[in-house]
Amino acid sequence: RKGQEVFAFETLPLDDKASYRLMSEGKTVAVFQLESSGMQRMLRDAKPSVFEDVIALVALYRPGPMDLIPTFCARKHGREEVEYPHPLMREVLEETYGIMVYQEQVMQVAQIVGGYSLGGADLLRRAMGKKKPEEMAQQREFFRAGAARQGIEQAKADEVFDLMEKFAGYGFNKSHAAAYALLAYHTAWLKAHCAAEFYAANMTVELDNTDKLK
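Quick caveat, the model's predicted, so the values are computed rather than measured. (Residues numbered from 1 in each chain as written. Predicted model: local features only at pLDDT ≥ 70, side-chain atom pairs only at ≥ 80, totals over all residues. Heavy atoms only, no water.)

Draft legend 1. Molecular detail of helix α10 (residues 174-193). For α10, with 20 residues, the first-to-last C-alpha span of 28 Å sits near the 28 Å given by 1.5 Å per residue. Taken together, the buried residues of α10 touch α1 (17-24), α3 (51-60) and α11 (195-205). (Helix = DSSP H or I, 4+ residues; strand = E, 2+ residues; numbered from the N terminus. Expected span 1.5 Å × (residues − 1). Contact = heavy atoms within 4.5 Å.)

Put into structure tokens, the structure is as follows:
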């Protein structure tokens, strides 16, 4: 395409304005993970501008966290104030505008607020997924104690713990979401910069599917 340059996805910049414009306009038919009508509506509202936005939107567009998409969009664009349940959580939740989206964030909050090791935080995340009352009661006491060592009162510790428990039920693995988002971004880049080849390839793949070809 460009003289003798060798094309490689690994060399594509992740700040390509044309790719984000295409996504923000919802022109994502045939773009991996982003082509459904619901995804297109979400993209037009969210208007992703950095790669971290794409990762978060991929993670949020599922039953459960989907309810948080309007809040995510409003906070991103300044229509709603970004709030953090506790100041210590800012460094963990800043990239998702104060919203807990990923399993890794649940673990980081357990580490920063509750004094868990990362290994212990992973065990907590699993326990939250199982929802065994006796185990959760023990974990809550451990979290309270860790929070108290940082001067956090029990009511606030319980509030944070309840929030973590809620999100742990449907939180997505960030590394998984990032892998999907990267493929989505690469596909969007191809559509934005190599439209003829992109359409030709997609039409070739769907040659026998008249409805999808159309």
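Draft legend 2. Structural view of the environment of Ala 46. Here Ala 46 lies in helix α2 (residues 37-46). In this structure Ala 46 comes out as buried when scored by relative accessible area, which is 1%. In this structure the C-alpha to C-alpha distance between Ala 46 and Phe 198, which are 152 residues apart in sequence, comes to 25 Å. (Buried < 20%, exposed > 50% of the residue type's maximum accessible area, 1.4 Å probe, protein only.)

Draft legend 3. Highlighting the packing of α3 against α10. Where α3 contacts α10, the two axes come as close as 8 Å, and the packing angle between them is 115°. Compared by their axis directions, α3 and α10 come out roughly perpendicular. Here α3 runs over α10; the crossing is right-handed. Contacts between α3 and α10 involve Phe 51, Val 54, Ile 55, Val 58 and Ala 59 from the first element and Lys 174, Ala 177, Ala 178, Tyr 180, Ala 181, Leu 182 and Tyr 185 from the second. Along the lines of polarity and charge, the residues of the contact of α3 with α10 split into 11 nonpolar, no polar and 1 charged. (Axes fitted to C-alpha atoms, helices over the stretch in contact; angles between N-to-C directions. Parallel < 35°, antiparallel > 145°, perpendicular 65-115°, else oblique. Left-handed = near helix turned anticlockwise from the far one by under 90°. Nonpolar A, V, L, I, M, F, W, Y, C, P; charged D, E, K, R; others polar.)

Draft legend 4. Structural context of the pattern of salt bridges. Tallying each qualifying case throughout the model produces 15 salt bridges. Residue Lys 27 is joined to Glu 25 by a salt bridge in which the shortest nitrogen-to-oxygen separation is 3.1 Å. Where Arg 144 meets Glu 141, a salt bridge forms, and the shortest distance between an N and an O atom there is 2.6 Å. Taken together, the residues span about one helical turn, with Arg 144 and Glu 141 both in helix α8 (residues 133-148) at a distance of 3 residues. (Salt bridge = Lys/Arg side-chain N within 4 Å of Asp/Glu carboxyl O.)

Draft legend 5. Broad picture of the packing of aromatic side chains. Under the criterion given, the structure shown has 11 aromatic pairs. Here Phe 51 and Tyr 185 contribute two aromatic rings whose centre-to-centre distance is 6.2 Å and whose plane-to-plane angle is 80°, an arrangement assigned as edge-to-face. A residue pair is termed long-range when its members are at least 10 positions apart, and Phe 51 in helix α3 and Tyr 185 in helix α10 qualify at 134 residues. Comparing Phe 51 with Tyr 185 shows no difference in burial state: the two are buried. Aromatic ring contacts, followed pair by pair, group Tyr 116, Phe 142, Phe 143 and Phe 161 into a single cluster. (Phe/Tyr/Trp six-rings, centres within 6.5 Å; stacked < 30°, edge-to-face > 60°.)

Draft legend 6. Inspection of the environment of Thr 187 at higher detail. With respect to the secondary-structure elements, Thr 187 resides in helix α10. On the accessibility criterion, Thr 187 (13% relative accessible area) is buried. For Thr 187, the residues in contact, after removing those within four places along its chain, are Ala 30, Val 31, Phe 32 and Phe 198.

Draft legend 7. Summary view of helix α4 (residues 69-76). With 6 of 8 residues buried, α4 lies mostly within the body of the structure. Three or more residues of α4 are buried, namely Ile 69, Phe 72, Cys 73, Ala 74, Arg 75 and Lys 76. Residues of α4 that are buried in the fold lie against α2 and α3. Immediately beyond the C-terminal end of α4, within one or two residues, lies Gly 78, with a positive phi of roughly 75°.

Draft legend 8. Here's a closer look at the nonpolar core. Membership of the largest hydrophobic core comes to 58 residues, with the highest contact counts inside it found for Met 23, Met 100, Val 109, Met 128, Phe 143 and Met 164. Among the elements that line this core, the one with the most residues is α3, at 8 residues. Apart from the residues lying within four places of it in its own chain, the contact partners of Met 23 are Thr 28, Leu 34, Leu 43, Pro 48, Val 54, Tyr 185 and Ala 188. (Core = buried A, V, L, I, M, F, W, Y, C linked by side-chain atoms within 4.5 Å.)

Draft legend 9. Examining the layout of surface pockets more closely. Size it by volume and the largest pocket reaches roughly 290 Å³. Lining the largest pocket are 14 residues, and of these Val 29, Ala 30, Asn 202, Glu 206 and Lys 212 sit closest to its centre. Of all the secondary-structure elements, those providing two or more residues to the lining of the largest pocket are α11 and α12 (210-213). Take the lining of the largest pocket: its biggest share by element is 4 residues, from α11. (1 Å grid on protein atoms, 1.4 Å probe; cavity = no way out; pocket = protein on both sides within 12 Å on 5 of 7 lines; lining within 4 Å. Points joined across faces, edges and corners; volume = space filled by probe spheres on them.)

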